Amino acid sequence: MIALITDYGNTHYAGVLKAVIKSIAPSAEVIDIEHGSWSFSAEAGAYVLLSSYGWFPRGTVFVVVVDPGVGSRRRALAVEAGDYFFVGPDNGVLYPAVKEEGLKRAVELSFEKVSALAKPLMKSKRELFLSHTFHGRDLFAPAAALIHEGTSLEMLGDPVQEITTLSLEEGSKVIYVDKFGNVALSLRTLPHADEWRVITEEGIFRVKRGRTFSDVPPGKLVIYVNSAGFVEIAVNQGSAARTLGVKIGDHVALEPMQP
Amino acid sequence: MIALITDYGNTHYAGVLKAVIKSIAPSAEVIDIEHGSWSFSAEAGAYVLLSSYGWFPRGTVFVVVVDPGVGSRRRALAVEAGDYFFVGPDNGVLYPAVKEEGLKRAVELSFEKVSALAKPLMKSKRELFLSHTFHGRDLFAPAAALIHEGTSLEMLGDPVQEITTLSLEEGSKVIYVDKFGNVALSLRTLPHADEWRVITEEGIFRVKRGRTFSDVPPGKLVIYVNSAGFVEIAVNQGSAARTLGVKIGDHVALEPMQP
Amino acid sequence: MIALITDYGNTHYAGVLKAVIKSIAPSAEVIDIEHGSWSFSAEAGAYVLLSSYGWFPRGTVFVVVVDPGVGSRRRALAVEAGDYFFVGPDNGVLYPAVKEEGLKRAVELSFEKVSALAKPLMKSKRELFLSHTFHGRDLFAPAAALIHEGTSLEMLGDPVQEITTLSLEEGSKVIYVDKFGNVALSLRTLPHADEWRVITEEGIFRVKRGRTFSDVPPGKLVIYVNSAGFVEIAVNQGSAARTLGVKIGDHVALEPMQP
């Protein structure tokens, strides 16, 4: 199985990744995880990967294309960690999941090696080439398809000892905003306190601690540890991002209220 | 086959449902019906389900997660009706389709029973637990995967005699707005009249009756019975929702014009 | 394999196409290419098809539903061109891809013929009928499923000698805007010049020529030939469509700057 995370949003670019994968590995099942509306945020991509990869069957190959540096000299990676494989740019987006699983092997993808192996397999009209703007199509998708077919990482590029790091647990900032406006923070524990003061650029907010949205009346703020293990602020049947005036990357200060 | 309707919009939550399903039932085909931008609207979810389920092969399992009450005491259901199966919260979202098919059996899903059956099958790293905010992942997706694998409903929870009702044919209100801005109403028949007066909070509009968009010039309003059998108002190559100033839940009055 | 391009955006309409396809051709794999937020633009649909079809395995059937004339007298087509099949309305949306491949055969789809062949195969509760507003469900999806199952085009309708043409290489206008705000133009070559003057209704812009986004600093405009072979204007980590104030269909004049 091959699973996709990109910041392509609603475009045909993800469809083209699937086309290339199926042209190389016809039996691969391709699952969309998210094609985010957020753009260029390695943190958001890393959060989505970390929140979802562990629910997939062992052996799944994840393609993560959040790649503002496409065409520049950033490295392209394929990584084996735990029982999973990860393919994407070396900008930290893969790091939190790879760290949780434990890095086994990593290689810097070589277009020459990948395309030499992929071209004879391809059942499409077009042939691989390395464009300057679409390495998802030209490099990451073919590499994932080859890994799915059993190609060992060593065949795809030279070994890499370390990959670029990225932390989702530093400071207290917004790392993800979902479609409901729920705001996930770079915090994994919330000390005991029934009420919190939340400080953003927009103002200061009193927020009740709860376990779920409906622990507060509709329209009210609530803070809890979400289903992925991160501290999250929501508004019951409303948007916390709009209420708090925050977006991905913004700083959010939390202070427990005196009882 | 398992088909998904949620109000998750463009997030990874639907991808995680697919991951859990494939971890339990590797041979299941999972089809996205809609991950709506509308949030918390059981009516919209019920309309989407009613409009689409009958086109799927008999035996399909539908997972419908429109669940503002997640984590509260609302019941979680699995239902067999006609030749289809339906899984979702007991807030009425399943009702119109279940009623059309004829209820055969319903159970209140028990996390203990579902997880006891699902855990030995799971090929993922993570194990099921019952979070407070993501029952789609923790309960509905595993139940659907088990039903797909042939588990009888009785193994998943205690029988339920009645499920919460919801009508899509009451009053004259907006039950769905599609991406074009076409406005579906809670009406299934449109009496004969060549022209209608449509009254919303925004104003009073003259609307010609037609059979399709192009029966009126671009930019003009038209009213017809849509392909799902509901009365719908559209603007040819434009947005009726914007023109009429309406959204899901709003009241819309219709009066035939004198000839 | 069957691949879908529509302007249905985020609705259940694409899910219903998949349902109908799977009810007729259970073994078909259905891949979403794009369900565009752009509406009624045959140019955008044609661009998406031309940019993506060649990456799919030979034999793929493409269903392209960008159909502002649904219910009117426009013809419905099934076309064999090169090693691919194309199904959609005869409004030009299929033309650039068909032209690139070379037209082999085309037929005007007949609902009577398609439904007579499809109905005995269908495993769904509902039966085909020809609505006035949803030919994707009623005609295009069943035709694609039948072609996938090996039905010859001649069985689906009468032969057509010519199909409606559409050019993606005429003038200098916007034919596609992606989710990043990158602006693709109806031009396939960009003469040598290091800097360009770009003139839109919004104003006059100096744009550096590059090969990729990161050839200019964040926030700056860059012009290059994109991965699909069209001239494109982007802003590194920003939106060129917003900066230039353009949308699909707008005219954009380009002039090389004096060195």
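Just above, that's the structure.
Described in the following lines is the structure provided in the data block. (Residues numbered from 1 in each chain as written. Chains lettered and ligands numbered in written order. Predicted model: local features only at pLDDT ≥ 70, side-chain atom pairs only at ≥ 80, totals over all residues.)

### Re the interface of chain B and chain C
Inference 1: Between chain B and chain C, the residue contacts involve 26 residues of the former and 29 residues of the latter.
Inference 2: For the side of chain B that touches chain C, the elements supplying multiple residues, two or more each, are β2 (30-35) and α2 (42-52) of chain B.
Inference 3: A per-element tally of the side of chain B that touches chain C places β2 of chain B first, with 4 residues.
Inference 4: When its residues are assigned to classes, the side of chain B that touches chain C shows 9 nonpolar, 10 polar and 7 charged. (Contact = placed C-beta atoms within 7 Å. Helix = DSSP H or I, 4+ residues; strand = E, 2+ residues; numbered from the N terminus. Nonpolar A, V, L, I, M, F, W, Y, C, P; charged D, E, K, R; others polar.)

### Details of unusual backbone geometry
All names here are of chain B.
Inference 1: The backbone of F40 sits at a positive phi, close to 70 degrees, despite the residue not being glycine.
Inference 2: Mapped onto the secondary structure, F40 falls in the loop between β2 and α2.
Inference 3: Owing to 20 C-beta atoms within 10 Å, F40 belongs among the buried residues under this scheme. (Buried ≥ 20, exposed ≤ 12 C-beta atoms within 10 Å, placed from the backbone.)

### Concerning the sheet that holds strand β11 (residues 203-209) of chain C
All names here are of chain C.
Inference 1: Strand order in this open sheet of 7 strands is β8-β9-β13-β12-β11-β10-β14, and the pairing throughout is mixed. Each edge of the open sheet is held by one strand with a lone partner, namely β8 (174-177) and β14 (253-256). Each strand axis lies, on average, 30 degrees off the axis of its neighbour in the sheet, ignoring direction.
Inference 2: One ladder, built from 6 bridges, connects strand β10 (residues 195-200) with β11; its direction is antiparallel. Of the residues in β11, the one forming a bridge with W196 is V207.
Inference 3: Docked against the sheet, helix α2 (residues 42-52) engages β8 and β9 (183-185), running at close to 65 degrees with respect to β8. (Pairing = 2+ DSSP bridges. Axes fitted to C-alpha atoms, helices over the stretch in contact; angles between N-to-C directions.)

### Section: the relation of the copies chain A and chain B
Inference 1: Once chain A is rotated about the relating axis by 120 degrees and shifted along it by 0.0 Å, it coincides with chain B to within an RMSD of 0.0 Å. Both chain copies can therefore be described as sitting about a three-fold axis. Scanning chain A for the C-alpha nearest the rotation axis identifies N10 of chain A, at a separation of 5.2 Å. (Least-squares fit on C-alpha atoms with pLDDT ≥ 70 in both.)

### A word on the interface of chain A and chain B
Inference 1: Listed by partner, the interface residues are 26 residues for chain A and 29 residues for chain B.
Inference 2: At the level of secondary structure, the elements contributing two or more residues to the side of chain A that touches chain B comprise β2 (30-35) and α2 (42-52) of chain A.
Inference 3: Ranked by the residues each element gives to the side of chain A that touches chain B, the list is headed by β2 of chain A, at 4 residues.
Inference 4: Looking at the side of chain A that touches chain B residue by residue, the classes come out as 9 nonpolar, 10 polar and 7 charged.

### A short note on the environment of L156 of chain A
All names here are of chain A.
Inference 1: Residue position: L156 is located in the loop between α5 (135-148) and β7 (157-159).
Inference 2: Residue L156 is classed as buried on the basis of its 25 C-beta neighbours within 10 Å.
Inference 3: Taking the C-alpha atoms as reference points, L156 and F62, separated by 94 residues in sequence, lie 16 Å from one another.

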